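# Close look at the chain arrangement
Spelled out, the chains give:
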Amino acid sequence: MTVDRRAFLAWLGTGALGAAASAFPASDAEAAGNVTVLTHATLIDGTDAPPTRDATIVLAGDRIAAVGRGVAAPAVVGVRVVDLRGKFVIPGLWDAHAHSSTLKRTFPPLHLVNGVTSIRDMDGRPETHDVARAIARGELAGPRMVIASEILDGGNSFVDVHRRVGTLAEVRDAVRDAAAVHAGLVKVYSFMSPEIHAAIAAEAHRHGLPYGGHVPIQLPVQEVLARGQHSVEHMYAFHASTSERRDEFYARLAGLPADTGTWPGALAELDQAAVASHNAAMTQDLAGRFTACRAWHVPTLAVLSRMSSPPRELPHDPVLQGLADRYLPRSIRQEWLDMATGWPEWPPERIAREAAYFEAELQLVGELATAGAPVAAGTDSGYLYTFPGFATHDELELLVRAGLSPHRALQAATRDAARCAGRPRSGTIVAGQDADLVVLDADPLAEITNSRRVHAVVSRGTYLGPPERQRILADVERAAHEDVTPGTGTPGAHCCLRRIG
Ligand SMILES: [Zn+2]
Ligand SMILES: [Zn+2]
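Keep in mind that what you see is a predicted model, and the values were worked out from it rather than measured.

### Description of the confidence of the model for the protein chain
Averaged over all residues, the pLDDT of the protein chain equals 92, while 93% of them reach at least 70. When the criterion is pLDDT under 50, residues 487-495 qualifies, and its contacts beyond four places in sequence or with other chains add up to 33 contacts.

### Focus: the nonpolar core
Core analysis: the largest hydrophobic core is formed by 92 residues, its most contacted members being Val221, Phe238, Phe290, Leu301, Trp336, Phe387 and Leu399. With sequence-adjacent residues up to four places away left out, leucine 399 is seen in contact with Pro299, Leu301, Val365, Val375, Ala377, Leu404, Ala409 and Ala412. Counting 18 residues, the second-largest nonpolar core is a separate cluster that includes Ala41, Leu84, Leu437 and Val439.

### Comments concerning the environment of alanine 183
Its location among the elements puts alanine 183 in the loop between α5 (168-180) and β10 (185-188). Sequence separation between alanine 183 and tyrosine 327 is 144 residues, and the spatial gap between their C-alpha atoms is 29 Å.

### Notes on the packing of aromatic side chains
Applying the stated rule across the entire model yields 10 aromatic pairs. Centroid distance tyrosine 385 to phenylalanine 387: 6.5 Å. Interplanar angle 65°. Geometry classified as edge-to-face. Chaining the aromatic ring pairs together yields one cluster made of Phe107, Trp336, Tyr385 and Phe387. Positioned over the ring face of tryptophan 346 is arginine 350, at 4.3 Å from the centre of the ring.

### Regarding the environment of arginine 144
Mapped onto the secondary structure, arginine 144 falls in strand β8 (residues 144-154). On the accessibility criterion, arginine 144 (17% relative accessible area) is buried. Along the primary structure arginine 144 and isoleucine 64 are separated by 80 residues, whereas in three dimensions their C-alpha atoms are 16 Å apart. Here aspartate 436 takes part through its side chain, which lies 2.7 Å from a polar atom of the side chain of arginine 144.

### Here we look at the side chain of serine 157
Its location among the elements puts serine 157 in the loop between β8 and β9 (163-165). Exposure remark for serine 157: the relative accessible area of 5% places this residue in the buried category. A polar side-chain atom of serine 157 sits 2.6 Å from a polar atom in the side chain of aspartate 153. Here valine 159 takes part through its backbone nitrogen, which lies 3.0 Å from a polar atom of the side chain of serine 157. In this structure serine 157 touches Arg164, Phe191 and Thr260, once residues within four positions along its chain are discounted.

### Let's talk about the packing of helix α11 (residues 280-292) against helix α15 (residues 348-370)
At a closest axis distance of 8 Å, the pairing of α11 and α15 adopts a crossing angle of 60°. The angle between α11 and α15 falls in the class oblique. Crossing handedness for the pair α11 and α15: right-handed. Contact residues: Thr283, Leu286 and Ala287 in α11; Leu364, Glu367 and Leu368 in α15. A breakdown of the residues in the contact of α11 with α15 according to their chemical character gives four nonpolar, one polar and one charged.

Conventions we followed
Residues numbered from 1 in each chain as written. Chains lettered and ligands numbered in written order. Predicted model: local features only at pLDDT ≥ 70, side-chain atom pairs only at ≥ 80, totals over all residues. Heavy atoms only, no water. pLDDT = per-residue confidence, 0-100. Contact = heavy atoms within 4.5 Å. Core = buried A, V, L, I, M, F, W, Y, C linked by side-chain atoms within 4.5 Å. Buried < 20%, exposed > 50% of the residue type's maximum accessible area, 1.4 Å probe, protein only. Helix = DSSP H or I, 4+ residues; strand = E, 2+ residues; numbered from the N terminus. Phe/Tyr/Trp six-rings, centres within 6.5 Å; stacked < 30°, edge-to-face > 60°. Lys NZ or Arg CZ within 6 Å of the ring centre and 35° of its normal. Polar contact = N/O pair within 3.5 Å; in protein donor to acceptor, adjacent residues only side chain to side chain. Axes fitted to C-alpha atoms, helices over the stretch in contact; angles between N-to-C directions. Parallel < 35°, antiparallel > 145°, perpendicular 65-115°, else oblique. Left-handed = near helix turned anticlockwise from the far one by under 90°. Nonpolar A, V, L, I, M, F, W, Y, C, P; charged D, E, K, R; others polar.

Structural data, given as structure tokens:
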């Protein structure tokens, strides 16, 4: 049904919603094809404001037109009014570190039904851009996407699926290619020399592109921040960099052999050893550097929790197994199973050591966050039993376990992740912002696991209620049970190194 726009504008113009309404130009309302008004919800808007009870949220096309308290729904032809009494509305969630969006009938829709309306895909390939365009055209169900460059790694990286850049000319070509496809950032990996990392930094700067990703193994975190790295993922080197023995550790890492296959084990050993010499003042200082450099800490606790569990037990976890059986195409299911069972059995002391180290990682996230380091929620979804969408709720829960308040954790997955991704028009429910929201059945500030109780998702102004979400999930299940070829760029090309040792 078409919207009676004149009547809608007259209602907006009554000033019932206060000054917020005027932030929405009439021309945008004219252009908006669909108008949805959500009423009587408790609003958690992603800013520092306390929740607003009995809020009205007006969505016109892909914009939040107005937000206010206690306003009656308009009696306007064509406007969809949804009474959300008893529900909680939060901004659409972000996964600031996702992979394998090219598995297009599975991963993008799983993000969306879980309320993840935007992602930063950290391994951009030509097919990734195709998927993003298909989503933007409305042909595929999925999140908005900010897409990184291909993963750049050093010339002697042992990881063969990344683009190796071993010379300055190769760095120039790779960053130019990233700029040509409008990559949202240049993605850097672990196995490059400090010189190549510096060259990528300079070249990205020349093109006006941020760069982010791993900390190259021979550099402490402080150094990559000083070089302007925009986001630092996974907490690799965070303990080595906040240890009283940091300089000694980095002298050892500077002398690593040319075979980069030995590097992850060397760093993991030092990171774990560094817990005993962890220094609170260095942690405070590191948090201050994140703030001063406007850099983002993206701990990806969801994947770290997987990596700290005995790999051979992952396929026996009933929750993970249930999700895999239901939603994963057979080929991916088999690939994850092969990866999990391909690692040697962990002896009991290894299991205990990894579990203790994960607790230390949680503690460090809490210390950095308390000291003011900007945190963005990412998960490494698409990698080994880290399920798109579901993993973002795991990440929220883990951030709270690490010591963030539920409010701050939600901001990490909304406003702050949007800022990290360079999309400030996303992540808050304020007039003029993108029309991406999640409607929850229960209060996530009272208990963060309530973020899993998704009732509806609004993506680009389209309200996906329970029947629409069920339909999308049924499509994912259908895709899983058809013997589809998942195409290239699948989890086989995963990015993340495991703590080998
Ligand atoms: Zn990754
Ligand atoms: Zn990674």
